[in-house]
Structure formats: C-alpha cells, structure tokens
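If you want the building blocks of each chain, they are given just below.
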Amino acid sequence: MSIDKDTARRAAHLARIEVAEEELDHLAQELSGILDFMEQLNEVDVEGVEPMTSVTPMRLKRRVDVVTEGDIQEKILANAPDAREGFFAVPKVVE
Amino acid sequence: MTDLNNLTLADARDKLRAKEVSAVELATACNAAVADSDALNAYCLKTPELALEQAAAADTRIAAEDAPDMCGIPLGIKDLFCTKGVGTQAASKILTGFTPEYESTVTGKLWDAGAVMLGKLNMDEFAMGSSNETSTYGPAVSPWRRDGSDAALTPGGSSGGSAAAVSADLCLAATGTDTGGSIRQPAAFTGIVGMKPTYGRVSRWGVVAFASSLDQAGPMTKTVRDAAIFLKCISGHDPKDSTSFDAPVPDFEAALSGNIKGKKIGIPKEYRQDGMSTEIESLWNKGAEMLRDAGAEIVDISLPHTKYALPAYYVLAPAEASSNLARYDGVRYGYRAKLQAGEGIHEMYARTRAEGFGPEVRKRLMVGAYVLSAGFYDAYYRRAQRVRTLIKQDFENVYADGVDAILTPATPSAAFGLGEMASADPIQMYLNDVFTVTVNLAGLPAISVPAGLDAQGLPLGLQLIGKPWEEGDLLNTAYSLERAAGFVSKADKWW
C-alpha cells in the first residue's frame, strides 16, 4: 500500500516527531516501501489463529499494592532538563 | 606469556583463583588495551578508575576465597544497560547527559559477583540497526579486514561495540542485547560466541527498552564455556520484571560434556534460500556433518512460516518501540530542544524528538505509530501477532517431533563494509536478520558459534536454536560444534 503526503504527516504527528513540509514526500516514499514489505502478511491464512500476546504462557505475578521504593524525589528529578521546586518544569501548556 | 586481556573468561577465572594473576593486573591489561583502541570506536565511555577500584575489591574477595565465577573478570557493558552513576545513552542524542540513578538487574548481578566494568560499549541507536551505523557516537569498526584490504568493515549490530571489543580482546566478555539478532549477527561477523537466552531467562529491568516482547540480554564471549559461565550469573527471576521466569537457574557450565550422541538436529528447508551464497551453504553443510560425526542425528525439518517472520517483526518491533520510546519527550531526562518565542509544549515534544532521535529511529517510530493507529491496527498489528503465533507453533511442532536443536547459518553473508549499505533499500539491511528474527518472535534460546572464514578471510558463524529453558542442552551442542569447528583465527592488530 502506498501512502501519501497527508498520511505521512499524520504518522509523524502521531509519533510526535516534527517533519518539515518539504521532507514529507520523501518520508511518504520511505514509509510506503516498508509497508509494502509488510503486505506479505496478507498471504497468510490467520483464520481462527489467536494473536500472540504473551511470549511464555504464564500468569503474571501479583504483589501487594504497597510502596516498595519511595522518597526518591531528588533521584527522579536528577536527570530532568528543567526541574524546579520538586517538579518537572515544561513550557506553558494552557493559555 | 600472552597478554592478560587475551585470556578467555574461564581461563582468567581459574588463574585468579589459583592466584597466578590478580584482578588488578587483569584490569590494568584491559584498561591499556581499551586506551589503545580508539580506531575501533568500540567504547563510547571508558571507566578505567572504576575498573581498578572494582578489581581491588575483587582481589580482596579472591583472597578470602569468596569468589564467584565472575569475580575479577573485566567486562564491557553495552550502552543500553543502565549503570548507576555512569552515563547511559543507548547511543542516542536524546539521552545526552543521562546518568542513571539506578543499576540494571543484569549489571547489578555482575557487580555483586565481583565483575569489573571497563566502560560502556557502542551500539546502534536504541538497538535499531544491523551495522552500528545508527549510533550517535559514529560506528564501531570491526577489528577484521578483508585479506589485502584496509576498508573499514562493520562489526554488525546492534551490539557492534560489544562484538568489536570481545573480538579485539578489549575485554574478556561483554553484555549484549538481542531483539531481532543483535547479539548473534555481530558475534558471527566478528568470530565470537553470542547467545540470546530464552525470553524471560534474564531480567529486562534497567535495560533501555526497544521492543519489550522481543528484547533479551545475553553474553558475548570468546568461547561457549565463557557464555555458559556468564549466562548463569545474569539469569534468574526478578520481581522488577514480571516477564522474568521464576525457576532455579541451572549450572550451565556443568552441562558442557561435549557428548551429543543421539541428539536430533533439525535442518529447516525454508532457511535454504534462493541466492544463498555457496560459502554460507557449504559452511552450513559442514556444520551438519560435524554434528553428525559427533553422534547426532541430522533430520530435515520444515518451519513453514519462516518467510513471514521479517515482515511480522517489522510490524511488531516498531509498534512496541513507538510505545516504549514515547517517554523521550524532553521532560524527564536527556535532551530538550530550544523553542522560539510563542512556541509551547507541543512544539517542545515534536522538536525534541525530531532533533534527539536519528533517522532510523524516527522512521521506525512513525511506522510503529502508523500500524497501531485507528483503522490499521487490525490490518497490521493484530495480523502480525497472529502470524507470530504461527511462527511459534512451527517450532513447537518440530520440538514435539523429537528435535533437540536446529542448525542454521547465523547471517546471510560475512560482514559488509561501513557505508556499503548506505544507498541500499532499508529492507536490504533488514534482511541481515532473516535467520535470527524467528527466534525472537518465538521467544527461544539461540547461540551463534564461529565456524569458519570466507574466501576473503572474514569470520562466518552458525546458529543453533534450542528449546525453551534448555540453554544447558543448547550450550552443550554448541560446545560440541565449537570443538569440531576449531575456530581459532584472530584479526591481525592494525588499530
């Protein structure tokens, strides 16, 4: 399936990756090539086949719902590009 | 006496315990080899002081006769593993300056056992690549060269720095990770052993995530025995990874008897592809003969959905990556793009990710977002998950028929030159994973063993695929193959 410029723009938006308008044609072409390759999957008869959602058939473990590692605010903020007064700081979100 | 950095892990362990060498001497020799290796670009961060400090502590433990196998062993660590206080970037600009406040479970187990860190190893950005060329640090370079040529070759990827470092004796062993072949393909390209354990054998906690249902860490070593020793140390249940397997870890080294009499080895006909090089085909045939000579029974098998493994992988892996890599948004760690007046948080997200991720990662994240989007989810993602079920069943069927392991080539060719694939279709690069990717989809253990040299003097590897949780048996078959192949070649030092 070949994808057009608008679809490429949409994929970039969904991935939250800025793409310049003049690069969209090239991007559409690249994505089309990869999607064409995936089209082979349509040859497979998957009627009645369950999708694989767990690699090992196992029940996920449960644990008590308690804090296991807390009071590490400083560590959590240590790598932030902008942290102030115990918070992550970001540009203005609402006007 | 050989240089200490040339030792295998097993020999170094024995010499340390016999007090023939000290961990500090070993670390010093490795630090010197690392310092002299910049042309290979294998290490993206060197930690020589830390290595000496850890080595001194290891010597104290060895003196007190409290030395686990890995005690005092100098290692390189792929840049994908979070190491407390030591920069970890997954070879991406977007993690510039990231210094983890915590240790990955794998590296934590290694340090608890007394192992020594020489530094962090180069790789493809976020482990997405097969040639190490997507790294923000520039590509690692293979120590191997074609006969009579000085063209720089790829050590493979994504664990290219790990492969180059082990092959060039810049460490005794290294950690790698394997999502579609990222341990086994670089191991094959550089004449070393690389093992991907069963999914869930090794904790993924603290390993920067690429595709969580496919990622598995494993050892990259000089010998099969070294892989067995290394794997035992890093295996085991971890409450911090709910997909890790809760069962005792066997002594993999004890499984290495070399006796494979009566084992049934399958040769999958679907791996014999049109246009396969005669060198690869004859190596594969030779490998089967070696196993037969060792007493194994060679049987033809069929894995009918093999052809669909790569397209399924290139739906599933980008889909999982697009979700995992959503966290890199310029808020919590790493790089944040500069904004113009009047721009807000949306521009910050999109520009940070445009500037912080390299082209291959950006492309895969967009593919992933697209195949998960409304209207396409069933056609791509859901269908790929169903095909994945069929691929796993292919393996279950042959194992149910009594096959113990499967022998295949590790790669479709020997290492290619850096830059040689630059103008190729991206699918051409993806084809590097054609023999390895099925294993990740099925969650199986597999190992690449160096088996010969091609006409140009470059290493070629064979892959053995085992049954889930039976790494001991798989390692033993690999050990038998290793002994029969007798691969001892090393790259001539030019760096």
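Presented here is a report on the structure given in the accompanying data block. Every chain is numbered independently, its residues counted from 1 as its sequence is written. For naming, the first written chain is A and the first written ligand is 1, with later ones following in the order written. Note on the predicted model: pLDDT of at least 70 is required for a residue's local features to be given, and 80 or more for side-chain atom pairs to be given and counted; whole-chain, interface and lining totals, by contrast, use all residues.

Quick notes on the overall build of chain B
And step 1. Under the DSSP-based scheme used, a helix requires at least four consecutive residues in state H or I and a strand at least two consecutive residues in state E, with every element numbered from the N terminus. Regarding its fold elements, chain B presents 15 helices and 11 strands.
And step 2. Two things to know: the radius of gyration comes from C-alpha atoms, and the globule rule equals 2.2 Å times the number of residues to the power 0.38. In terms of overall dimensions, chain B is globule-like: its C-alpha atoms have a radius of gyration of 21 Å, near the 23 Å expected for 495 residues.
And step 3. Its C-alpha atoms give chain B principal-axis dimensions of roughly 70 × 55 × 50 Å.
And step 4. For every residue, the other C-beta atoms within 10 Å of its own C-beta are counted; 20 or more classify it as buried, 12 or fewer as exposed, and values in between as partly exposed. C-beta atoms are placed from the backbone. Taking all 495 residues of chain B together, the buried fraction comes to 62%.
And step 5. Two residues qualify as being in contact provided that their C-beta atoms, derived from the backbone, are within 7 Å of each other. A sequence separation of at least 24 residues applies to 77% of the contacts in chain B between residues at least 6 apart.

What to know about the pairing of strand β7 (residues 264-268) of chain B
Across a regular strand the side chains alternate sides, sitting on one face of the sheet and then on the other.
Residues and elements named next belong to chain B.
And step 1. In this analysis, strands are considered paired if DSSP registers two or more bridges between them. Note: β7 against strand β8 (residues 297-301), five bridges, orientation parallel. Paired with Pro268 across the bridge in β8 is Ile301.
And step 2. Handedness rule for crossovers: strands pointing away from the viewer, path from the first strand over the helix to the second running clockwise, crossover right-handed. Between β7 and its parallel partner β8, the chain crosses via helix α8 (residues 278-293), and the hand of that crossover is right-handed.
And step 3. Judged from the two bridges that link them, β7 and strand β9 (residues 405-409) form a sheet pairing that is parallel. Bridging across to β9, Ile265 finds its partner in Ala405.

Remarks on the nonpolar core
Residue and element names in this part refer to chain B.
And step 1. Grouped together as the largest cluster of nonpolar side chains are 175 residues, with contacts concentrated most on Leu75, Val116 and Leu464.
And step 2. If you tally residues by element for this core, the top one is helix α9 (residues 309-324), at 10 residues.
And step 3. Those residues within four positions of Leu464 in sequence are excluded, and the remaining contacts are Ala405, Leu407, Ala446, Ile447, Val449, Leu474, Thr477, Ala478 and Leu481. A set of buried Ala, Val, Leu, Ile, Met, Phe, Trp, Tyr and Cys residues, joined to one another through C-beta atoms within 7 Å, is what we call a nonpolar core.

With respect to the sheet that holds β7 of chain B
Residue and element names in this part refer to chain B.
And step 1. If you trace the 11 strands from one edge of the open sheet to the other, you get β1-β3-β2-β4-β6-β5-β10-β11-β9-β7-β8, paired in mixed fashion. The open sheet has two edge strands, β1 (43-46) and β8, and neither has a second partner. When strand polarity is set aside, the average angle formed by the axes of neighbouring strands in this sheet is 30°.
And step 2. As judged from the seven bridges shared by strand β10 (residues 446-453) and strand β11 (residues 459-465), these two strands associate in the antiparallel manner. Paired with Leu453 across the strands is Pro459, a residue of β11. Axis geometry follows a simple rule: fit a line to the C-alpha atoms, using only the stretch in contact for helices, then measure angles between N-to-C directions, giving values from 0 to 180 degrees.

Some remarks on the environment of Thr408 of chain B
Residues and elements named next belong to chain B.
And step 1. Counting through the fold element by element, Thr408 comes out in strand β9.
And step 2. Its 26 C-beta neighbours within 10 Å are what place Thr408 among the buried residues.
And step 3. Thr408 sits 28 residues away from Thr436 along the chain, and the two C-alpha atoms are 9.1 Å apart.
And step 4. Beyond its immediate sequence surroundings of up to four residues, Thr408 is in contact with Pro268, Tyr271, Phe435, Gln463 and Ile465.

Focus on the pairing of strand β6 (residues 216-221) of chain B
All names here are of chain B.
And step 1. Burial within β6 is extensive, with six of its six residues counted as buried.
And step 2. Of the pairings in the sheet, the one linking strand β4 (residues 173-178) to β6 comprises six bridges and is antiparallel in character. Among the inter-strand pairings, Asp178 is bridged to a residue of β6, identified as Gln216.
And step 3. In terms of strand pairing, strand β5 (residues 193-196) meets β6 through two bridges, oriented antiparallel. Pairing of Gly194 across the sheet is with Met220, part of β6.

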